[in-house]
Amino acid sequence: MIDLNNSRVAAIDVGNDSIKAIFGELEYEVNIPNIIARDTEDRPVIGIEELDDKDPLDGIHIKVHSPALKDNNAIYRVGNLATKSNNATELDPGSSKSEEDQTLVLLFTTLALDAVKETTFRQVKNVIDANYTLGTGLPLREVKEGKDAGYRSKLIGSVHQVEFLVTPKYQGIKVNIKFDEVKVYPEGFAAYINLVMDNNLKIINKELIDKRILIQDIGGLSTDIAVIKNRNVDDDKAQGFNLGVSESLEQIREEIRSKHGVELDSRRDVVEIITKKNDRNHIMVKGSRTSVHDITDRILLDLAKKQYRLLRNVWSKNSQTEICYFVGGGATVLKDYLKTLNNNLDGYNIDFFEDEKESIWMMANAYYKLITDFVKKAEKQNAE
């Protein structure tokens, strides 16, 4: 029997582009770019008074201690602060999310950012003891390979500590993180839950519930295609591919640099250029507005063709599919190209989420629904 009474609910999607996290009774959510940079103890700060006027999310500078890390007690800049470092690392294609220190560093950072705001945790001087019940996920491919069990066991049963170093407002605070329970869900299944159920796991899309659906989740480093029938993910048919948008974004960044001499900080800047409402696909070169349409169109169309090929292959093996939903940050970037290809080629029944926030937060929302449902059931059992 688990006691979840003084445990705080956390739902965290460690996406390849950014981390999306939801806490408690939905009262706090946080989104941080998935970029870290190794750093030294005392990064130079001009004036400590000024430091505390800044947003903590723009200055995350931490030391992480955890038996789960290969590289223990390392110091990092995280998120926005890391984008300005020359040694910033983003996850590489082909890497396994469950085996990277970077995934854990971001997971712990996000929890620590919540813990310093939360008033119910025990705090003695500058040390906070935080207990969480966590819902998170891994790509389908990794769950099929059984990596979810190892990932869960790294988290549970140990204390993980995040110490805020030169971070606005939180300097010198240490957060000890313990997990009362960790649930690791396959990402494709999570997308389905989000499509058909509301926050109380009541069915909202009745017409979808018994349909045969594909969900193509295009992430930074991988693409998962979940096959849903009879209200379940068909694990044998579902497939994960090492194809995401990161490499294409990197290529666009590289070509903009060699053609226009403009250095963009990270892949995130590229996403900004190709998705912004006004002046899409334009950059400033020496102060004048310059189109990079030729570069972005060529590279993204090429990626959209590869994604379309994946769809075609999976659909041909599941010929009675009724609709395919494209979700995830990658789908937002490729939406127009995929629609054009589909209109000109096979004309499958495909759909996108017009609300970009919904598409990007889909996994975090689904983990939240699943983990709160788990907590409710556990409390009910305890009461009985």
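Residues numbered from 1 in each chain as written. Predicted model: local features only at pLDDT ≥ 70, side-chain atom pairs only at ≥ 80, totals over all residues. Heavy atoms only, no water.

A. Seen up close, unusual backbone geometry. Positive phi outside glycine occurs at Asn73, with the angle close to 60°. With respect to the element layout, Asn73 can be found in the loop between β5 (60–65) and β6 (74–78). The phi angle at Lys286 is positive, at roughly 50°, despite the residue not being glycine. Along the chain, the position of Lys286 falls in the loop between β15 (282–285) and β16 (288–291). (Helix = DSSP H or I, 4+ residues; strand = E, 2+ residues; numbered from the N terminus.)

B. Here's a closer look at the packing of aromatic side chains. A complete count under the given rule lists eight aromatic pairs for this structure. Relative to Tyr28, the ring of Phe23 has its centre 5.9 Å away and its plane inclined at 25°; by these criteria the two rings are stacked. In terms of burial, Phe23 and Tyr28 fall into one category: buried. For the pair Phe164 and Tyr170, a centre-to-centre distance of 5.5 Å together with 55° between the ring planes defines the contact as tilted. Put simply, the rings of Phe23, Tyr28, Phe121 and Tyr132 pair up and form one aromatic cluster. (Phe/Tyr/Trp six-rings, centres within 6.5 Å; stacked < 30°, edge-to-face > 60°. Buried < 20%, exposed > 50% of the residue type's maximum accessible area, 1.4 Å probe, protein only.)

C. Layout of the nonpolar core. Of all hydrophobic cores here, the largest spans 45 residues; its most connected members are Leu107, Tyr132 and Val175. Broken down by element, this core gets its largest block of residues, nine residues, from helix α3 (residues 101–115). The contact partners of Leu107, leaving out residues within four places of it in the chain, are Ile12, Val14, Leu134, Tyr151 and Leu155. Grouped together as the second largest cluster of nonpolar side chains are 39 residues, Leu300, Leu303, Ala331 and Ile350 included. (Core = buried A, V, L, I, M, F, W, Y, C linked by side-chain atoms within 4.5 Å. Contact = heavy atoms within 4.5 Å.)

D. Quick peek at helix α8 (residues 246–260). The end-to-end C-alpha distance of α8 is 21 Å, a good match for the 21 Å that 15 residues give at a rise of 1.5 Å each. Those residues of α8 lying buried are Ser246, Ser248, Leu249, Ile252, Arg253, Ile256 and His260. Summarising the contacts, the buried residues of α8 are in contact with α9 (267–275), β15, β16 and α10 (293–317). (Expected span 1.5 Å × (residues − 1).)

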